[in-house]
Each structure stands twice: as structure tokens, then as C-alpha cells.
Amino acid sequence: MVTYIGTRFLRMVSVILAVSVFTFFLINLLPGSPINTILGAAAGNAAARAQVTAQLGLNHPIYVRYFIWLGHALQGNLGRSYVSQTSVAGTIFEHLPLTLELMVLAEIISLVVAIPLGIASGMRPDSWFDKIVGGVSIGLLALPAFVLGPLLIFVLAVKTNIFPPSGETTWFTIGSGYSPAIIATPQSLVMPALTLAAGQLAVFSRVLRGDLVSTLKSEFILMARSKGFSRWYILFRHALRPSSISLVSLVGLSIGGLIAGALVVENIFALPGMGTLIVNSILKRDYLMVQGIALLISAGFVFVNFVTDAVYALLDPRIRRARLIG
Amino acid sequence: MPDSSVEPAPSTAPARRRQRRRWDPSVTERAEEALRSSLVRAAESRVAAEEMEAADASLNVAPEIAALTADALNLPAATTVVTAPARKLGKGFWIAVGWIALVIVAAIFANVIGIPNPNKLWPSDPSQAPNIHHLFGTDIIGHDIFNQVVYGARTSMIIGASSVAVGIGIGGLLGLIAGFYRGALDVVVVWVVDVLLTLPGLVLVLTLVAFLGESLFNVILAIDVLSIPAYARISRAATLAVSQRDWVLSGLSLGARPRRVLFRDVMPMVALPIASYAAIGASIAIIAEGALAYLGLAPASDISWGTMIANGQQQFTSAPQLAFAPMIVFFLTIMALNFVGQKASGALDLRAAQL
């Protein structure tokens, strides 16, 4: 157990270090002098040049610079943006809560819709209902966010006015200051969350269906039926738990897809989260901001993967044995 | 595609093999022979998988082992062989192939078959609804939407094709070498592949394009590089499984050079699982490019379906067809690719279609 989690932890640290090296060297991909590119119009300002040189440590050799940068990053100092004149880490944390809220809502929607659908189609495989759900699932998987999002806007906002086409209503804010972090009211995020949930919802319901179909064929279900238990009692008492293992591990794996999806979805619906922040920063050539966001998202994602692995190992002893061997 | 290939009946093949060997074992002959016998082997191992299943059932050995072996070789799991003896591709498959072929032809021959330049303006008829002169209508300054959709196929198909080519060429080869020779190279490849596959791909593409600059070449470069690990993983897994098979071991124990065994005996078997992933891989790459274009991070000078959707959305109330034309074409293309990919990999497993 400890060995398993220990191995996973070392792996996580090594991957995060690799990611940090990658993002650090991004700045060196920029054509020409990084000072000119980062400062943009302010490149003529000698004081600003000296500040950037000091901040990036450009008078040191590159490996020394990496460790200086890493040290700052570990203390939560991702530098200062020369485009918006704000701290990179501060700006990121103003945008992060909305993205997280969107991801949580999408995860809730996909589970709330997928579990009943999966059960209903799994209990009667190859019925007309199962076939329709199957067909729709294949269709949903072929609808990327930037196709489904505009479609929902057209149907639910332009044609019927059920939801506003874009933007959000503030529910409450976190922190104070010039631009505090926003948490939107859940009802104003319904369309974005639906867009984000659609693809994985299809996968979840199909996977649950598949596992349920094979569980219902096993002998202990036959045994339970011969004892005279009702269909529903057997379903919830006996069949559902062993059928949910793939679904549970998929939920953990889906977080990566959700992060990438959220970036696109926020831009479709003009929500002020990490996705709009990274795209606007790219368009404004705010390289230090892009670097900070890439580092944070990747590291956060690797961390989430580590936690998921550790939780599964705690829950299911078979996993930690299988993965250590494989 | 593995499913459409015709396998010679195992009973006639050994005879033909003997005959050819006596006749003239020239280089081309041997290459042809290798291909044919690999197909025979595929057929034989499929039969073997069935036999294993039968043996397992009688010996009460865990059936997962048979399924796993068959899975690793991309043969249908033994149970499906039993329940569905004829692996039909069905009408849907050919409709999907037809659509993809149509899109590819449109992408390559747009100017040959007389589709006007997508940037050409019809100043006299802007903002038109679909009609006989402009099948999908025109936009606010008089661009013909049909022309743009046809030329937009170019961007998507270039991305799809190049990601498959780079993925198979680099990823497939790396996986093959790593899985066959193992050793330090294998450790490195596995680690790098794991790292790249655990990171959110779109974030990496966005970041790379941001720092390299927004040109079509850089978009292609970023997407292609990030499509390598998936191919490498599939190729390595298949190589590991194939390397333990009898004909590989006997080749090695007869003293054949490992390189010869790798390319003559292992590679043909690994080619099938990789090829069946190509359609899914292409659809992932095309979606990534569409997302970049939709976000405004692809070069504005190139016509792309993603850009068209983003622009058309501005006029949703007055002219919905501006966005709907590229949306529908995009949807059909991705659906066709996913469908072909699923059929080709022989398993109706939706998990494979997930990004």
C-alpha cells in the first residue's frame, strides 16, 4: 500500500518537474530577445528592461535561471505580467473558481443524466430505448464543444429565450479588491455545463450499460432471482455496485478532458474563467501569463491524477496489485 | 483496414509457400511472401484464439486471459468470435467511408472541379439565403459559404493526414522499437509517453502555438507532435504481445537477426492495430484544429471550419446557415471518422473514442 502510493508520488513529482522544465523553456522558444518580446511596446524603457532582466535572471546561465524560476514558482510567485501590470498568480486565482465551478456542474450533470440512462438501457439491452440512447451517444461523441455550444445557443437562447446566450450572473464573490473571483449562479451556467458534459455523459452511460449487462448475466444474479427478490431490489442491492467500477475510474480520468473542454466552453459562452484568460493572454502576447497558466493547469492535473490513483488503491486492493505488476 | 483484407484459406497457403520457395526466392518474392504469410498467421491465430477459448472453457481457466491475448492482437475477443462468426462491416461503414472520401476529394480537387476561390466576392449579392447560385447562401460581404466549406476541408484534411503520418511514422516506429528491444530506450519512451498522455492535450497545443506563433505550420507541428504518444503506446503494447508469439521466438532461435524478425515478423502484425487507430487519431487532431480556429488562434488567412463557425455565430439571428453549414459538415466528418475507427478496431467500445 505505502509502496504503491510512494511510487505514484515519486512519479507525480517527476512529471511535475518535467512539466516545469517544459514551461520554463517555452520562453526560450520566442523569436528574438525575450526582453523585447515580453515587454512589447515598453521595450525602450530602460528601467523596465532592467526589471525583466533581473526577474528572469538573464545574466545567469540557463540552468541557474531554471532553478531561480522554479524556486519562485514554488513560493507561488509566477512573475508579473507586463501587459496587464498584475501578478500572474493573483490573476490566475481570480479566474480559477469559475472554471472549477463549471467543471463540478458538468460532472454533476453527466452523472445525474448518465446513471439513469445507463441503468435503463442496461436492464433491457437491445430494446428500442437502448438503441436510441446508443445512437444519440455516438452522435454526442461527434459533437465537439464548439459545435454543440453554438447549437445550444441557437436553440435555447436565440430561438426560445430560455437561457441568456452568453455571460454569467454573479452569485457571490471570493476575496476583495479590484477584481475579486466570481462564483456564478448555477442556473446561469446550465448551457455551458451541458456543453461540457455532453461527450463524457455519452461515454459514462454506455460504459455503465456495458458493465451492467455483463453483471446481470452472472450466476449470483440468477441466484438472487431464484430466491424471489424483485428486479429493482436485485439491481440496487446486488448488481449496481459491481457494475460501477469502470464508471468510477472513468470519472477520475475524465477530469483531464473536462479541463481542456472548459477552456473552449468558457470562450463560447464568454465566461471569465481560465479558458478566456489563457486565450486572451495569447492574443495579447502576455507570455508570462500563458506560461503561468500552462504550468498551473498541467501541475494541477497531474496532482488530481495522483489523488485519484491513491483513492482507488485505497478502495480496491486489486488495482494496486495489478498496476504494480503491469 | 484489417476487416476488409481478404485472407487466403490456410489449407492452400502452405502448398503455395513450398512452390514459391523452390521457384525463385528473390527479394520481392520474399516480401510478398511475408505479407501473405502474415495474413495467414492472422487467420491462424484467430482460429487459435477460438481454440483457446474452447480449451479454457473445458479447463475452467480464467477466460480473461484468452480475451486479453486476443485483445492485445486486436483480434475480436474470443467470445465475439463465437457469437458473431461473420464480422460484417454493414452499410453504415461504407456510407461513412463514402463521406470521408467525398471530403478528401473536395479537399484535394476543389480547384480542379471548378469550385471558385473561397475569398472571391459576389459584391452584388451579399447576405443571401441559400439559393441555386449560392447553395449555402452568402455572408455579409458576399463570400459564397459553399465555396468556403469546400476549401475548409483542406485545412481539416491536412491536419488529419499529417497527424496520422507523423503519428505512425514516429510514434508507431518508436513503440515498435521500444517494445521489441526493451532496455533503456523502452523505459524512456514509456515515461515520455505517459507524461504526454497524462497532460491535457489542448492546453499543450494552445501553449505551443502561442509561443511558436500562429501559423498553419505551427498549428500542424503542435498537433502532430502531440499525436505521437498515442500511436507509440498502441504500437508498443501490440509489439510486446506479438513478440511472445511462436513464430517470432522461432525466428529468433533459428538465428535470424533481430532487425529482420522485427520488420518481417513483428511489424506486419503491429500494423493492424495502429492502422485501426488512425481514423480515431485523425478525428482527434481535426477537433483540436477546429477548437484552435474557433478560439481565433489559427491564422485568419486560412479558411477553416472552426473559424467559419465562430464568424457565423455572430449572425445567428439573421443568417443561421452561416454557422450551421460548417457545423453540420464538421459533425458529419467527425462522426464518419469515429464510426470507421470503431468498426475497424473491431470492438464497439466507446471508451476508445474518448479524447
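Note that the structure is a prediction, hence the values are computed from the model and not measured.

Calculation criteria
- Residues numbered from 1 in each chain as written.
- Chains lettered and ligands numbered in written order.
- Predicted model: local features only at pLDDT ≥ 70, side-chain atom pairs only at ≥ 80, totals over all residues.
- Heavy atoms only, no water.
- Contact = heavy atoms within 4.5 Å.
- Buried area = accessible area lost by both parts, 1.4 Å probe.
- Salt bridge = Lys/Arg side-chain N within 4 Å of Asp/Glu carboxyl O.
- Helix = DSSP H or I, 4+ residues; strand = E, 2+ residues; numbered from the N terminus.
- Nonpolar A, V, L, I, M, F, W, Y, C, P; charged D, E, K, R; others polar.
- Buried < 20%, exposed > 50% of the residue type's maximum accessible area, 1.4 Å probe, protein only.
- Arc of directions from axis to C-beta.
- Expected span 1.5 Å × (residues − 1).
- Bend = angle between axes of the 7 residues up to and from the residue.
- Patch = residues over 30% accessible without salt bridge, like charges linked within 9 Å, V, L, I, M, F, W, Y side chains within 5 Å.
- Areas by Shrake-Rupley, 256 points an atom, 1.4 Å probe, with all protein chains shown as cover.
- Core = buried A, V, L, I, M, F, W, Y, C linked by side-chain atoms within 4.5 Å.
- Phe/Tyr/Trp six-rings, centres within 6.5 Å; stacked < 30°, edge-to-face > 60°.
- Domains from an automatic or database assignment.
- Polar contact = N/O pair within 3.5 Å; in protein donor to acceptor, adjacent residues only side chain to side chain.

Visitor: Requested: an account of the interface of chain B and chain A, with residues and values cited.
Guide: Across the boundary between the two partners, chain B contributes 39 residues, which contact 49 residues of chain A. Summed over both sides, the interface of chain B with chain A buries roughly 4,100 Å², with 81% coming from carbon and sulfur. The interface formed by chain B and chain A includes two salt bridges. Among the ionic pairs, Arg 11 of chain A bridges to Asp 194 of chain B, the shortest N-O distance being 3.5 Å. At the level of elements, α7 (183-198), α8 (201-212), α11 (258-294) and α13 (321-344) of chain B are the ones that each hand at least two residues to the side of chain B that touches chain A. For the side of chain B that touches chain A, the element with the most residues is α8 of chain B, which contributes nine residues. Of the residues belonging to the side of chain B that touches chain A, the class tally is 28 nonpolar, eight polar and three charged.

Visitor: With reference to specific residues and values, describe helix α10 (residues 246-253) of chain B.
Guide: Residues and elements named next belong to chain B. Burial in α10 covers these residues: Trp 247, Val 248 and Gly 251. Buried residues of α10, viewed axially, fall in a sector of 105°; they line one side. Set apart from the buried face of α10 by more than 90 degrees, the exposed residues are Asp 246 and Ser 253. Looking at the residues trailing α10, positive phi occurs at Gly 255, about 95°.

Visitor: Can you explain helix α11 (residues 245-268) of chain A? Please cite residues and give values.
Guide: In a regular helix each residue adds 1.5 Å, so 24 residues correspond to 34 Å; α11 of chain A covers 34 Å between its end C-alpha atoms and thus fits that length. Within α11 of chain A, the axis deviates most sharply at Leu 253 of chain A, by approximately 35°.

Visitor: Run through a nonpolar patch on the surface, naming residues and quoting values.
Guide: Residue and element names in this part refer to chain B. A surface patch of nonpolar side chains, about 560 Å² in accessible area, is lined by Ile 104, Val 105, Ile 108, Phe 109, Val 112 and Ile 113. Along the polypeptide, Phe 109 turns up in helix α5 (residues 90-109). Judged by its relative accessible area of 40%, Phe 109 is partly exposed.

Visitor: If you had to explain the nonpolar core to someone new, which residues and values would you point to?
Guide: Proteins that are soluble and globular tend to have nonpolar side chains buried together. Of all hydrophobic cores here, the largest spans 163 residues; its most connected members are Phe 146 of chain A together with Val 266 of chain B. Top element by residues in this core is α11 of chain B. It accounts for 18 residues. Contact partners of Phe 146 of chain A, with chain neighbours within four places excluded, come to Val 264 and Ile 268 of chain A together with Ile 287, Gly 290, Ala 291, Tyr 294, Ile 309 and Phe 330 of chain B. By size, the runner-up hydrophobic cluster in this structure holds five residues, among which are Ala 110, Ile 115, Val 150 and Tyr 151 of chain B.

Visitor: Explain the packing of aromatic side chains to me, and be specific about the residues and the numbers.
Guide: All names here are of chain A. Counted according to the given criterion, the structure contains 19 aromatic pairs over all chains. Between Tyr 66 and Phe 67 the ring centres are 5.2 Å apart and the planes differ by 70°, which places this aromatic pair in the edge-to-face class. Taking the relative accessible area as the measure of exposure, Tyr 66 reaches 8% and is therefore buried. Relative accessible area serves as the criterion here: at 54%, Phe 67 is assigned to the exposed category. Aromatic ring contacts, followed pair by pair, group Phe 24, Phe 25, Tyr 66, Phe 67 and Trp 69 into a single cluster.

Visitor: Kindly report on the domain arrangement of chain A, identifying the contributing residues and their values.
Guide: All names here are of chain A. Its domain assignment divides chain A into domain 1 (1-83 + 286-300 + 318-326) and domain 2 (97-283). Summarising the inter-unit geometry, the C-alpha centres of domain 1 and domain 2 are found 33 Å apart. Each side of the interface is counted separately: domain 1 has seven residues, and domain 2 has eight residues. Summing both partners gives a buried area of about 690 Å² for domain 1 against domain 2, and 83% of it is carried by carbon and sulfur. The three residues of domain 1 that bury the most area against domain 2 are Val 290, Ile 293 and Ile 297, which together make up 62% of that side's buried surface. In this assembly, domain 1 and domain 2 are joined by zero salt bridges. Viewed at the interface, domain 2 and domain 1 are joined by one residue pair in polar contact (both at pLDDT 80 or more). Here the element with the most residues in the side of domain 1 that touches domain 2 is helix α13 (residues 287-315); it accounts for five residues. Here the side of domain 1 that touches domain 2 is built from residues that sort into five nonpolar, no polar and two charged.

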